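Fold and contact review
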Amino acid sequence: MHTGLRITAFAAALAATFGTAYGEHGASDGLREPTPQPKEGGGHGGHESTPPGGLQISEGGYTLDLATSRVTAGRRTELRFTVRDASGAAVTAYQREHDKELHLVLASRDLVTYRHLHPTRAADGTWSTPVDLPAAGGYRVFADFTPAGEGAENLTLGADLAASGRYEPARLPAPDGTARTDGYEVELDGSLRPGKASELKLKVSRDGRPVGDLQPYLGAYGHLVALRSGDLAYLHVHPNGEPGDGTTRPGPEVSFTATAPSAGTYRLFLDFRHGGEVHTAAFTVRAGSVPDAPETAPAATPEHTDGTDGHGH
């Protein structure tokens, strides 16, 4: 496991504007040709030296082939996709990272719905997982993986997913240092800074008592994903320390080091395991000088799923 921060940055297109209804023709089929962007160094440093590649459905000779480009809101659907190499062949060999060959993150454009999925791979390289999205609108699918082979680099490819049905856009929840989920309370200590590393501490409690017996989940006591509002630039942040290293305690605090690539509003999603269940706490935070939003909505509790069923837990 890497300690500190591992950032895989994307740029997605400007969030699409929807009407009161999002129909079956709200998204195009097939693969889009990526827009070439110059590289200026690695994406793991403190500054955003590499331009976010968010719309890049293809990168480094690999392409995310999303077979399911649209679903119906409120209906359980099998999401299917394949990662293809430069020759068009399906990739069937991956390096395992945090106990999985591939991590799939799915988020709505308004950043209210968030899922961290773990699909299953068939022998022919086709990945699949059931999804049941609660609301119509636009979603972004992120596939985070490292192909097998010496010198292979980690990639996160992105593709758009549309959920049809009546669409009512939600406003981003207001910033709040406390998140509540499944009877747990999580407090955030620290702040994101543009271009500068800072520590984020998240303290988990239940019924007013600190939780000191968090259970390892995917090789850590917590996983943090940050998405930038507006373009859904993706930051995968790893915790400081890991179970069994002799210094990292199983709670109540989980510590991360993160660097915001720019000023802006971000949505943080913390996954943690306790009592045999995985829970997700969500926060809205601002990095740098950001104008206040005109209106905000109450914080929503994200649904977490591990890909074994449509609802998780």
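To be clear, the structure that these remarks concern was listed above.
One structure accompanies this document, and this report is about it. (Residues numbered from 1 in each chain as written. Predicted model: local features only at pLDDT ≥ 70, side-chain atom pairs only at ≥ 80, totals over all residues. Heavy atoms only, no water.)

1. A look at the sheet that holds strand 2 (residues 58–59)
- Reading across from one edge, 2-3-5-9-8 is the order of the five strands in this open sheet, with antiparallel pairing throughout. Among the strands making up the open sheet, the edge pair consists of strand 2 and strand 8 (120–121).
- Two strands pair when backbone bridges link them, and strand 5 (residues 77–84) and strand 9 (residues 126–131) are joined in this way by six bridges, in the antiparallel orientation. Of the residues in strand 9, the one forming a bridge with Arg80 is Ser128. (Pairing = 2+ DSSP bridges. Helix = DSSP H or I, 4+ residues; strand = E, 2+ residues; numbered from the N terminus.)

2. Focus: the pattern of salt bridges
- Using the criterion set out here, one finds six salt bridges in the structure.
- Note that Glu101 is salt-bridged to Arg121, the shortest N-O span being 3.0 Å. Linking Glu101 in the loop between strand 5 and strand 6 (102–108) with Arg121 in strand 8, this pair joins segments that are 20 residues apart in sequence.
- Exposure remark for Arg121: the relative accessible area of 28% places this residue in the partly exposed category.
- Among the ionic pairs, Arg180 bridges to Glu185, the shortest N-O distance being 3.3 Å.
- The exposure class assigned to Arg180 is exposed, which follows from its relative accessible area of 56%.
- Beyond isolated ion pairs, a larger network of salt bridges with shared partners links Arg109, Arg140 and Asp160. (Salt bridge = Lys/Arg side-chain N within 4 Å of Asp/Glu carboxyl O. Buried < 20%, exposed > 50% of the residue type's maximum accessible area, 1.4 Å probe, protein only.)

3. Quick look at a negative patch on the surface
- On the surface, a cluster of negative charge is made up of Glu187, Asp189, Glu199 and Glu253.
- Along the chain, Glu187 turns up in strand 13 (residues 184–189). (Patch = residues over 30% accessible without salt bridge, like charges linked within 9 Å, V, L, I, M, F, W, Y side chains within 5 Å. Areas by Shrake-Rupley, 256 points an atom, 1.4 Å probe, with all protein chains shown as cover. Lys, Arg positive; Asp, Glu negative; His and termini not counted. Charge placed at Lys NZ, Arg CZ, Asp CG, Glu CD.)

4. Comments concerning the environment of Ala282
- Mapped onto the fold, Ala282 is located in strand 20 (residues 277–287).
- Exposure remark for Ala282: the relative accessible area of 9% places this residue in the buried category.

5. A closer look at unusual backbone geometry
- Pro252 follows Gly251 through a cis peptide bond whose omega is 0°.
- Along the polypeptide, Pro252 turns up in the loop between strand 17 (234–237) and strand 18 (253–258).
- Even without a glycine there, the phi angle at His98 is positive, about 55°.
- Accessibility expressed as a relative area gives 15% for His98, which makes it buried.
- Of note in the backbone geometry, Leu218 takes a positive phi value of approximately 55° without being a glycine.
- Secondary-structure assignment places Leu218 in the loop between strand 15 (209–210) and strand 16 (223–228).

6. A short note on the packing of aromatic side chains
- Throughout the structure, instances matching the rule amount to seven aromatic pairs.
- The interplanar angle of 35° and the centroid separation of 5.0 Å between the aromatic rings of Phe142 and Tyr234 together place this pair among those described as tilted. Taken as a pair, Phe142 in strand 10 (residues 137–145) and Tyr234 in strand 17 lie far apart in primary sequence, 92 residues in all. The exposure classification of Phe142 matches that of Tyr234, with both residues buried.
- Consider the rings of Tyr184 and Phe272, whose centres lie 5.5 Å apart with planes at 75°: the pair is edge-to-face. With Tyr184 in strand 13 and Phe272 in strand 19 (residues 264–274), this pair connects stretches of sequence that are 88 residues apart. Take Tyr184 and Phe272: they sit in the same class, and that class is buried. (Phe/Tyr/Trp six-rings, centres within 6.5 Å; stacked < 30°, edge-to-face > 60°.)

7. Notes on the nonpolar core
- Counting 27 residues, the largest nonpolar core has Val186, Leu192, Leu268 and Phe283 as its most contacted members.
- If you list the elements that add at least two residues to this core, you get strand 13, strand 14 (198–206), strand 16, strand 17, strand 18, strand 19 and strand 20.
- Counting residues in hydrophobic clusters, the runner-up holds 25 residues, among them Phe81, Leu104, Leu106 and Leu133. (Core = buried A, V, L, I, M, F, W, Y, C linked by side-chain atoms within 4.5 Å.)

8. A few points about the environment of Ala162
- Among the structural elements, Ala162 can be located in strand 11 (residues 155–166).
- Classification of Ala162 as buried rests on a relative accessible area of 3%.
- Separated by 89 residues in sequence, Ala162 and Ala73 have C-alpha atoms that sit 9.0 Å apart.

9. Things to note about the pairing of strand 10
- In terms of burial, strand 10 is largely enclosed, as nine of its nine residues are buried.
- By the bridge criterion, seven bridges tie strand 6 to strand 10 in an arrangement that is antiparallel. Residue pairing for strand 10: Leu106 is matched across the bridge by Val141.
- Of the strand pairs in this sheet, strand 10 and strand 11 are connected by nine bridges, and their pairing is antiparallel. Paired with Arg140 across the two strands is Asp160, which belongs to strand 11.

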